[in-house]
Amino acid sequence: MPPIVAQGYGLTYPTDVTPGLSRRRLPKQDDETLRDTQEYIDQLIADRERRREEPVTEDELPDDADVVEEGSDGTVYHEYRTCGDETCQCMSGGAKHGPYAYRAYRDGDTVRREYLGKAESE
């Protein structure tokens with residue numbers, strides 16, 4: 001009888017492949033369960049590698065980001081920011097500070113951003 005399958009992280013996996021499998025429990029599994037577990041792990045690794053190679057999309061960037069360059073090492077964009085000082089005009093609807101340059105890139109499933117410095121005025 002084939003194992004029941006479930007969905008998780010966009011992948012289908014047998015329910016007998018559980019996150020609770022440990023070094024102590026793994027050697028006690030039958031060959032079919034070990035093969036299913038290996039197939040699931042291979043799928044998971046391939047999916048993570050594929051996502052790392054995907055470019056950061058505009059909907060993953062701040063709303064007012066202006067994309068300058070897209071490359072294999074990330075997406076460079078410019079952004080105007082508020083400073084947080086309640087007495088500053090940027091906090092009351094005035095002009096924001098910037099533009100500042102950032103690079104957004106993937107680190108596994110997370111989109112990270114790196115400050116590159118003040119950009120030339122547009």
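Given the structure is predicted, the values throughout are model-derived calculations rather than measurements.

## Comments concerning the confidence of the model for the protein
Item 1. Averaged over every residue, the pLDDT of the protein is 80; the share at 70 or more is 80%.
Item 2. When mean pLDDT is taken per element in the protein, strand β4 (residues 74–81) scores highest with 92 and strand β1 (residues 5–8) scores lowest with 48.
Item 3. Below a pLDDT of 50 lies the segment residues 1–7, which in the model reaches 17 contacts outside its immediate sequence neighbourhood of four places, other chains included.

## Quick look at the nonpolar core
Across soluble globular proteins, nonpolar side chains show a tendency to be buried alongside one another.
Item 1. Among the nonpolar cores identified, the biggest contains seven residues, and these are Val-56, Leu-61, Ala-65, Tyr-77, Tyr-100, Tyr-102 and Ala-104.
Item 2. Look past the residues within four positions of Ala-104 in its chain and what remains in contact with it is Val-56, Leu-61, Gly-74, Thr-75, Tyr-77, Val-111, Arg-112 and Arg-113.

## Examining the pairing of strand β6 (residues 110–118)
Item 1. Here strand β5 (residues 97–107) pairs with β6 via eight bridges, running antiparallel. Note on β6: the bridge partner recorded for Tyr-102 is Tyr-115.
Item 2. The hairpin formed by β5 and β6 contains two residues between the paired strands, and Gly-108 there has a positive phi angle of roughly 70°.

## Notes on helix α1 (residues 31–53)
Item 1. Taking 1.5 Å per residue as the helical rise, α1 with its 23 residues ought to reach 33 Å, and the 33 Å between its terminal C-alpha atoms agrees with that figure.
Item 2. Considered for burial, the residues of α1 that qualify are Thr-33, Asp-36, Thr-37, Tyr-40, Leu-44, Asp-47 and Arg-51.
Item 3. One side-chain oxygen at the N-terminal end of α1 lies 3.1 Å from the backbone nitrogen of Glu-32; it belongs to Asp-30.

## Looking at the pattern of salt bridges
Item 1. Taken as a whole and judged by the stated rule, the model has six salt bridges.
Item 2. One salt bridge in this structure joins Asp-64 and Lys-96, with 3.7 Å as the shortest N-O distance. In this pair, Asp-64 sits in the loop between α1 and β3 (66–71) while Lys-96 sits in the loop between β4 and β5, placing the two residues 32 residues apart along the sequence.
Item 3. A salt bridge links Arg-112 to Asp-107; its shortest N-O distance comes to 2.8 Å.
Item 4. For Arg-112, a relative accessible area of 38% gives the class partly exposed.
Item 5. One connected set of salt bridges, linked through shared partners, spans Glu-79, Arg-81 and Arg-113.

What counts, and where the lines are drawn
- Residues numbered from 1 in each chain as written.
- Predicted model: local features only at pLDDT ≥ 70, side-chain atom pairs only at ≥ 80, totals over all residues.
- Heavy atoms only, no water.
- pLDDT = per-residue confidence, 0-100.
- Helix = DSSP H or I, 4+ residues; strand = E, 2+ residues; numbered from the N terminus.
- Contact = heavy atoms within 4.5 Å.
- Core = buried A, V, L, I, M, F, W, Y, C linked by side-chain atoms within 4.5 Å.
- Buried < 20%, exposed > 50% of the residue type's maximum accessible area, 1.4 Å probe, protein only.
- Pairing = 2+ DSSP bridges.
- Expected span 1.5 Å × (residues − 1).
- Polar contact = N/O pair within 3.5 Å; in protein donor to acceptor, adjacent residues only side chain to side chain.
- Salt bridge = Lys/Arg side-chain N within 4 Å of Asp/Glu carboxyl O.

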